[in-house]
Structure formats: C-alpha cells, structure tokens
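Structural features, examined
Take a look at the letters that make up each chain.
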Amino acid sequence: MNAELEIPAGRTKNIKDVTGVVLAGGRSSRYGKNKALVKVNGVPLIERALRTMGSIFEHVVMITNTPEEYAYLKVPMFRDIIQGLGPLGGIYTGLKVIPDQSGFFVACDMPFLNPDLIRHMVAIRDDFDVVVPKISGWVEALHGLYTVKCRGSIERLIQSGAYQIFQLFSSVSVRFVDDEEVRRWDPDLRSFLNINTPDELRRLQQTDSKEDTASKAGRTRNPMSSLSSKLEAES
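Sequence order as written defines residue numbering, which begins from 1 separately in each chain. In view of the model being predicted, local features appear only for residues whose pLDDT reaches at least 70, and side-chain atom pairs are presented and counted only at 80 or more, with totals across whole chains, interfaces and linings using the full set of residues. Each side-chain value is derived from all of the structure's non-hydrogen atoms; neither hydrogens nor water enter the calculation.

**Looking at the packing of aromatic side chains**
The pairing test for Phe, Tyr and Trp rings, Trp by its six-membered ring, is centres within 6.5 Å, and the orientation test on the planes gives stacked under 30 degrees, edge-to-face over 60, and tilted for anything in between. Per the stated rule, a full pass over the model turns up 5 aromatic pairs. Ring geometry for Phe 105 and Tyr 146: centres 5.7 Å apart, planes at 90°, overall edge-to-face. One end of the pair, Phe 105, is in strand S6 (residues 102–107); the other, Tyr 146, is in strand S9 (residues 143–147), with 41 residues separating them in the sequence. Only protein chains enter the calculation, and the probe is 1.4 Å; a residue is then buried if its accessible area is under 20% of its type maximum, exposed if over 50%, and partly exposed in between. By relative accessible area, which is 0% here, Tyr 146 ends up buried. Runs of H or I in DSSP of at least four residues are treated as helices and runs of E of at least two as strands, each being numbered from the N terminus.

**Digging into the confidence of the model for the protein chain**
With 80% of its residues at a pLDDT of 70 or more, the protein chain shows a mean pLDDT of 85. Contacts for the low-pLDDT stretch residues 212–235, under 50 throughout, to residues beyond four places or in other chains number 0 contacts. Confidence scores per residue from the predictor, reported as pLDDT, run from 0 to 100. In this analysis, two residues are considered to be in contact whenever any of their non-hydrogen atoms come within 4.5 Å of each other.

**Describing the nonpolar core**
Nonpolar side chains in soluble globular proteins generally cluster together in the buried interior. In terms of nonpolar packing, the biggest core is built from 34 residues, with Val 22, Ile 46, Leu 50, Met 53, Phe 57, Met 62 and Phe 104 touching the most fellow members. Elements with a contribution of two residues or more to this core: strand S1 (15–23), helix H1 (45–54), strand S4 (57–63), S6, helix H3 (115–123) and strand S7 (130–135). Discounting chain neighbours no more than four positions away, the residues touching Ile 46 are Val 22, Ala 24, Ala 36, Leu 37, Met 62, Tyr 70, Tyr 72, Leu 73 and Cys 108. Judged by nonpolar contacts, the second largest core, of 26 residues, contains Leu 88, Val 130, Ile 158 and Ala 162. Residues grouped as a nonpolar core are buried Ala, Val, Leu, Ile, Met, Phe, Trp, Tyr and Cys residues, joined through side-chain atoms within 4.5 Å.

Set out below in structure tokens:
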C-alpha cells in the first residue's frame, strides 16, 4: 500500500500470510453512480476500505472491472477472470491472483469495517476453508476469509450455472462466527452496514451526526450528574 492512502501505523504487525481483498466490481445500479467513490465523512468508500485492510494485511488487492477509475490509488488491481458472475466471480478471481493461500474478502461499500473483528476471524481459521459471520441466521458472505482450496468448488458451481456464494458452503468446510462471538469485537454490528442507495447514505450520516452530538454532549456534561443518573437507574 502507498502513502497516498494515508494508512495509519497499526498497533500490531500486519498479517503476512493472508491477503486483504476489496471487491469493487459491482455496477451500483441501485445507487445510480459508482458508489465506491461516494464519500462518508469526507472519505470515499473505497479508500475507507483500503485503509482499514492496509492496516491489517501486508498484501492488499482490489478486484474491479473499471481499474481506470481507481488508478490514483496505486493498488494492485485485477479484472474478473469470468465476467458477469457477481460477487462469486470476484471471490474466484481473488483466489486465483492473491499471493497467499487465503484471502479476506470485503465489499467496498462497508464503511465501518472493524480491524479487531477481522483479526479475530483470521486467528480462528485453523484448517477451515471459509470463515464467515452468521448473524441471526444470515451469512455475511462478503466479510469473510476464503482459502484457495475453495477454487475447485467454485469452478464446479460456475460450470453448473449456480452463481450464489451461499451454494459454496455445502461443499467446503466453514467456520461460522455467530452473533455473540461477533459482538465481542463489534457490539453494534456496524461492520456489516453497507450503502446501496443515496437514501441509505443520508440516513447513515444523520445517525452518525446524532451520535457525534450525543458523544460531545456527554463529554461536556458534569460527571457527577452522569454518576447520579446511573445510580438512580440502578436503584
């Protein structure tokens, strides 16, 4: 990764045997324009994702079919090997091009990726082919670790005309990370928030603004007042 992304120095060493992979191959049809370049708190979504991944992994790549739009980032980029397969095609391409035996894949439209959660998921991978969160029964397939051992199963899915990532899980070994385990690192599950429409972005920014205002108010409030309120609530 390069200085143009202003990746902060992490408190822990970067992971060297897993590649961070950011998927930016979607058509953004619901958003109406390339949402990867939409700014959240003044920073484009794609840069937020790359900064976080660059603070975790030694190697980071992008999978995109429009590399010219991101040339300024100076990040290794690869087009889908097979066009038109959606996220499954992005994962397949990533597993074909990464220099390591595993890749941690995230979508570019997730502005609140949590480094501690990602590091935990990497740490528990053991000999599993896939490590993904499963929140209230819903698998967050685009926030997960996949090993190159998945390539054969993905190729068989493609040959059969089945392009949904979820169909992969029955043919590989999967470590699901449940709600309770995820919440140890990300109590509000913000890692999995994504932005598909301008309305979703507006709502997200309004919520963040209210939380920021409340946080500032909390810092200026009389601490004894806060303690008194807590004691009243407990009595």
